[in-house]
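For reference, the chains in residue letters:
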Amino acid sequence: GAGVSQSPRYKVAKRGQDVALRCDPISGHVSLFWYQQALGQGPEFLTYFQNEAQLDKSGLPSDRFFAERPEGSVSTLKIQRTQQEDSAVYLCASSLDFRGANEQFFGPGTRLTVL
Amino acid sequence: AQSVTQLDSHVSVSEGTPVLLRCNYSSSYSPSLFWYVQHPNKGLQLLLKYTSAATLVKGINGFEAEFKKSETSFHLTKPSAHMSDAAEYFCVVSAGGSGGGADGLTFGKGTHLIIQP
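Computed from a prediction, not measured in an experiment: that's the story for all the values here. (Residues numbered from 1 in each chain as written. Chains lettered and ligands numbered in written order. Predicted model: local features only at pLDDT ≥ 70, side-chain atom pairs only at ≥ 80, totals over all residues. Heavy atoms only, no water.)

Quick word on the overall build of chain A
So, point 1. For chain A, the count of helices and strands is 0 helices and 11 strands.
So, point 2. Mapped in sequence order, the helices and strands of chain A form the string β-β-β-β-β-β-β-β-β-β-β.
So, point 3. For 115 residues, the compact-globule formula gives about 13 Å, and the C-alpha radius of gyration of chain A, at 13 Å, lands near that figure.
So, point 4. The burial tally for chain A puts 47% of its 115 residues in the buried class.
So, point 5. Relative to all contacts within chain A whose residues are 6 or more apart in sequence, the contacts with residues 24 or more apart total 53%.
So, point 6. Summed over its atoms, the accessible surface of chain A is roughly 5,600 Å², and 48% of this surface lies on carbon and sulfur atoms. (Helix = DSSP H or I, 4+ residues; strand = E, 2+ residues; numbered from the N terminus. Rg over C-alpha atoms; globule rule 2.2 N^0.38 Å. Buried < 20%, exposed > 50% of the residue type's maximum accessible area, 1.4 Å probe, protein only. Contact = heavy atoms within 4.5 Å. Areas by Shrake-Rupley, 256 points an atom, 1.4 Å probe, with all protein chains shown as cover.)

Structure follows, in structure tokens:
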């Protein structure tokens, strides 16, 4: 069956460029999450959507990071004026509803390298 | 606030011997606890979860974990390691989900499991 998909799988950007990372959650999943995983570390929470509403963006590291989910399905994470410290794997996850006990299904991630 | 501590960054065992990956948590709420596995170049996969039902939780591929509230631990075990178990393992805590705030998962730093032939 279709899982969470992310595109592109790999992105190389020059410092200062803007990038956009796409996430297609599992159809019908209400909740969508973005995480950042630096090399050798566990994923860290960035932001959370319930349908189209962004209920928590406390994990976004700076105002250069912006996420949207305008129709409550596909989500885009945008990073403006990329910096080298933004290099990481960006993971998207979705779950059936808002309850924290529900399993989050993860996509394969987008590996961002900023030169 | 919640946090997770995985006590070992690397664990090496021989194939066929038991596996123990240690995890301690801290949470202000009644937590939900998870173990996820990440194979190289693959997405995170749920192994098992604890959500205030039975304290001994069985997961996929022969793994199980025991929730011990008095010790704030959620250690992952498997009786007999297989070569295919080599991967990165993450202990994860969720606040339980009120629906109105941060429902993101808090991950430990991971334990790299190495299986010796």
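Some points on the nonpolar core
So, point 1. Membership of the largest hydrophobic core comes to 26 residues, with the highest contact counts inside it found for B:Trp35, B:Leu48, B:Phe74, B:Leu76 and B:Tyr89.
So, point 2. Looking at which element gives the most residues to this core, the answer is strand S10 (residues 87-94) of chain B, with 4 residues.
So, point 3. Counting residues in each nonpolar core, the second largest holds 20 residues, with A:Ala13, A:Cys23, A:Leu32 and A:Val114 among its members. (Core = buried A, V, L, I, M, F, W, Y, C linked by side-chain atoms within 4.5 Å.)

Looking at the environment of B:Trp35
So, point 1. Topologically, B:Trp35 is positioned in strand S5 (residues 32-38).
So, point 2. Note: C-alpha distance between B:Trp35 and B:Ser9 (26 residues apart in sequence) is 15 Å.

Remarks on the pairing of strand S8 (residues 75-79) of chain A
Both faces of the sheet carry side chains from a regular strand, because those side chains alternate between them.
Residue and element names in this part refer to chain A.
So, point 1. When you tally the buried positions in S8, you get 4 out of 5 residues, the bulk of the element.
So, point 2. Where strand S3 (residues 19-24) and S8 come together, 5 bridges link them in antiparallel fashion. Of the residues in S8, the one forming a bridge with Leu 21 is Leu 77.
So, point 3. Relative to S8, strand S7 (residues 65-68) runs antiparallel, the two being bridged by 4 bridges. When the bridges of S8 are listed, Ala 67 appears paired with Leu 77.
So, point 4. Connecting S7 to the next strand, S8, in antiparallel fashion are 6 residues, including Gly 72 with a positive phi near 75°. (Pairing = 2+ DSSP bridges.)

Considering the state of the cysteines
So, point 1. In the structure shown here, the tally under the stated rule is 2 disulfides over all chains.
So, point 2. Put simply, A:Cys23 and A:Cys92 are joined by a disulfide, and their sulfur atoms are 1.8 Å apart. The sign of the -65° torsion about the S-S bond sets the A:Cys23-A:Cys92 disulfide as left-handed. Here A:Cys23, found in strand S3, pairs with A:Cys92, found in strand S9 (residues 88-95); they are 69 residues apart in sequence, far enough to count as distant.
So, point 3. Judged by relative accessible area, A:Cys23 falls into the buried class, the value being 0%.
So, point 4. The buried category is assigned to A:Cys92, whose relative accessible area is 0%.
So, point 5. With its sulfur 2.0 Å from that of its partner, B:Cys23 forms a disulfide with B:Cys91. (Disulfide = S-S within 2.5 Å.)

Overview of unusual backbone geometry
So, point 1. Geometrically, the link from A:Ser7 to A:Pro8 is a cis peptide bond, its omega value of -10° lying close to zero.
So, point 2. With respect to the helices, strands and loops of the structure, A:Pro8 is situated in the loop between strand S1 (5-7) and strand S2 (10-13).
So, point 3. Backbone geometry at A:Asn51 places phi at a positive 55°, although glycine is not the residue there.
So, point 4. With respect to the helices and strands, A:Asn51 occurs in the loop between strand S5 (44-50) and strand S6 (53-56).
So, point 5. According to the relative accessible area criterion, A:Asn51 is partly exposed, its value standing at 34%.
So, point 6. Positive phi, close to 45°, is recorded for B:Thr72, a residue that is not glycine.

Just distances and angles here, no functional claims.
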